[in-house]
Amino acid sequence: MFWKAHYIFCEEGRVIKPDKAQTQSGLDLTCTGTGLGKKHSRRSKMAMLVLGVVCLLLAHVSASPPKKNALVIIADDAGFETQVYNNSVCKTPNIDQLAQSSVVIRHAYTSVSSCSPSRSAILTGLPQHQNGMYGLEHTVHHFRSFDAVQTLPVILKPAGIKTAIIGKKHVAPAEVYKFDYEETEFNNPMLQCARNITRMKEFVQTFLSTNTTKPFMLYVGFNDPHRCGGKLGLFCDKWGTGAPGMGVIPDWHPLFYKPEEVVVPPYLPDTPATRMDIAAQYTSISRMDQGVGMLLKELQAFGHLNDTLIIYTADNGIPFPNAKTNLYEPGMGEPMMVSNPYVKQRWGQYSEAITSTTDIVPTVLDWFGVSYPDYVLEGKKVTLTGKSMLPITSAEPTGWDHIFSSHNFHEVTMYYPMRVMRDRQYRLIHNMNYRAPYPIAQDLAACPTFIDILNNTAAGKPTKWYKTLDQYYYRPEWELYDVTNDPLEKVNLAYDAAHKSTLEAMQTAVCDWRHATNDPWRCFPEGVIHGPKCIDLQNEPPKNKYAKEYNGN
């Protein structure tokens, strides 16, 4: 643990009197010039010699900057299924332990509710429309960030900070997102590097054992609790349990849940299918939670628990309808904890600051005292719109009252660009491809919860969902919700004259942010970019156009 002691030092030619508390032993500790006084006995001289050595050592300790390392933990499709956020059923003792040494953010949000784009925002500090990672990285989707983008591991390297990524990476190109040490799905099976917490522990030990004098930034991407399917279980929740053919993960002691005991969020239908889905999700969360415990134990074993900044969050909403790939509250809201080992007065407290995953890069750079590089991307100087969360660990801040989010794709076929602003009371969503049905991801379309909705809808039976499929698929261009008084976002106020001033103020703020982040979609869907302006394409849907003409407008 870092500490600073009061110490005595002598400058040549000066006499410095120690204070009373330091002379209670009765020894004359006066320092003069370069030597000890002649009147000292041999015993006193020995004491003074020891004191001198101690003084020098303490001077060195206090003059040296404290050791600083960083650990960023990203859960995959995780939400608020912990006691930290008032879920009393899903047991997460290790996340709970981390919360006791952290500031817990109540209102943290993802920059984009999709896996690869979110991870790109976490590692660049830039929204996906600015860094170029518009959709998923893998297989046919094949999205990539721009070659000139500056990422956290690349920025830290010249400062002498060693970097590692263990687990799910899911971003490209490799040179843009290059860490010194990498054990990811690019050189391991995803199950082994991101769900097998025993294998992950071995990777962590290898990394922490190399170049031990260097500070480090370790990024760990768990694959839990992402959906899985097949014989491994809905969330790979059967894999590693010791069941026949499933193998054993030595460091995981699985927790199992009965469907009737789980907590069904209010934005999901409370049905047997949903409860079965959530029960499997909880088991997957237990593996991720014990992985968090493994990381804390390894930091302790290597002597770094008291010098490591720890940030815990997730990439996007949980993999259920209305959440993942959506920018409603369940799709944007994320758990977030920030543990500052040198500032403990707020440990275990909650913050009401509204934060974004784009705040992670400025926070880590601030922690290490490293400046963000000065560079141009796609013809525009890059400026971070996120900010350091370190001040939140000292005191509850003023401001921090709004964030922005941005979405273009998930899978390559899922084109549904959205831009969003969330403040203390309202959420504004601009659905730019509102003329098309909202697209559904493969893993969500095949999940028991959504299949149950589909089947009941087709059969004309009640779905027990608070939305119809038509309401879910077909969305207006603008959605404005009073999330304080309408937490399920049922009543769209965007076309309510009483909320016109709120709508216009938030539209202006979103527009300013889109210009600041060089958004290529800033004229879409009504126009195209032409220099600093937009060309109006006069492309309103015919029914709207005809209605205006019919009304004499």
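Note: the structure precedes this text.
Along each chain, residue indices are assigned from 1 in the same order as the chain's sequence is written. Totals for whole chains, interfaces and linings use every residue, but because this is a predicted model, local features are given only for residues with pLDDT of at least 70 and side-chain atom pairs only at 80 or more, for both listing and counting. Hydrogens and waters are ignored; side-chain quantities use all the structure's heavy atoms.

**Overview of helix H14 (residues 500-516)**
To keep it simple, the criterion reads: In DSSP terms, a helix is any run of H or I states spanning at least four residues, a strand is any run of E spanning at least two, and both are numbered starting from the N terminus. In this scheme, a helix's expected span is set at 1.5 Å multiplied by one less than its residue total. Residue contacts follow a heavy-atom distance rule, with two residues in contact if any of their heavy atoms lie within 4.5 Å.
The end-to-end C-alpha distance of H14, which contains 17 residues, comes to 24 Å, matching closely the 24 Å that a straight helix rising 1.5 Å per residue would cover. Contacts made by the buried residues of H14 are with helix H4 (128-131), strand S13 (402-407), strand S14 (418-423), strand S15 (426-431) and strand S16 (478-482). Phi for Asn518, located one or two positions after H14, is positive at around 55°.

**Notes on the sheet that holds strand S3 (residues 69-75)**
Operational definition: Strand pairing requires that DSSP identify at least two bridges connecting the strands. Lines fitted to C-alpha atoms define the axes, with helix axes restricted to the stretch in contact, and inter-axis angles between N-to-C directions lie between 0 and 180 degrees.
Taken in spatial order, the 8 strands line up as S6-S5-S7-S3-S8-S9-S4-S10 in an open sheet, and their pairing is mixed. Edge positions in the sheet fall to strand S6 (181-184) and strand S10 (350-356), since each of these pairs with one other strand and no more. Going from strand to strand, the sheet's axes swing by 15° on average, the running direction of each strand aside. The pairing of S3 with strand S7 (residues 216-221) spans 5 bridges and is parallel. Within S7, the residue paired with Ile73 across the bridge is Val220. Sheet contacts for helix H3 (residues 115-124): S3 and S7; angle to S7, the most-contacted strand, approximately 170°.

**Some words on the pattern of salt bridges**
Heads up, the condition is: A side-chain nitrogen of Lys or Arg and a carboxyl oxygen of Asp or Glu constitute a salt bridge if their distance falls within 4 Å. In this scheme, a residue with accessible area under 20% of its type's maximum is buried, one over 50% is exposed, and one in between is partly exposed, where area comes from a 1.4 Å probe on protein chains only.
On inspection of all chains with the given rule, the structure shows 22 salt bridges. For Asp77, the salt bridge identified is with Lys324, shortest N-O distance 2.9 Å. Of this pair, Asp77 sits in the loop between S3 and helix H2 (93-100) while Lys324 sits in the loop between strand S8 (308-314) and helix H9 (329-332), and the two are 247 residues apart along the sequence. For Asp77, a relative accessible area of 0% gives the class buried.

**With respect to the packing of aromatic side chains**
The geometry of an aromatic ring pair comes down to the distance between the two centres and the angle between the two planes. Which entries qualify depends on this criterion: Within 6.5 Å between ring centres, the rings of Phe, Tyr and Trp (the latter by its six-membered ring) count as paired, and their orientation is classed by plane angle as stacked under 30 degrees, edge-to-face over 60, tilted in between. Two conditions define a charge sitting above a ring: the NZ of Lys or the CZ of Arg must be within 6 Å of the ring centre, and it must be within 35 degrees of the ring normal.
Evaluation of the coordinates by the stated rule reveals 20 aromatic pairs. Here the aromatic rings of Tyr472 and Tyr473 are separated by 6.4 Å at their centres, their planes lie at 40°, and the arrangement is tilted. Judged on exposure class, the residue Tyr472 and its partner Tyr473 are both buried. Against the face of Trp400 rests Lys387, its NZ or CZ located 4.3 Å from the ring centre. Lying over the aromatic face of Tyr472, Arg475 brings its terminal NZ or CZ to 4.9 Å of the ring centre.

**A look at the packing of H2 against helix H8 (residues 272-301)**
For clarity, the cut-off: If an angle is under 35 degrees, it is roughly parallel; if it is over 145, roughly antiparallel; if it lies from 65 to 115, roughly perpendicular; otherwise it is oblique. Amino acid classes used here: Ala, Val, Leu, Ile, Met, Phe, Trp, Tyr, Cys and Pro are nonpolar; Asp, Glu, Lys and Arg are charged; the rest, including Gly, are polar.
With their axes 7 Å apart at the nearest point, H2 and H8 run at an angle of 50° to one another. Regarding the angle of H2 to H8, the classification is oblique. In this structure, H2 uses Pro93, Asn94, Ile95, Gln97 and Leu98 to contact H8, whose residues at the interface are Met288, Asp289, Gln290, Val292, Gly293 and Leu296. Of the residues contributing to the contact of H2 with H8, the split by class is 6 nonpolar, 4 polar and 1 charged.

**Concerning the nonpolar core**
To be explicit about the condition: By convention a nonpolar core is built from buried Ala, Val, Leu, Ile, Met, Phe, Trp, Tyr and Cys residues, the set being connected through side-chain atoms within 4.5 Å.
Among the nonpolar cores identified, the biggest contains 57 residues, and Leu218, Phe222, Met288 and Tyr312 are the most heavily contacted of them. Secondary-structure elements contributing two or more residues to this core are S3, H2, strand S5 (162-167), helix H6 (190-194), helix H7 (197-208), S7, H8 and S8. The biggest single contributor to this core is H8, with 11 residues. Look past the residues within four positions of Tyr312 in its chain and what remains in contact with it is Ile73, Ala75, Ala78, Ile95, Leu98, Met288, Val292, Pro335, Met336 and Met337.

Treat this as a map of the structure, not an account of what it does.
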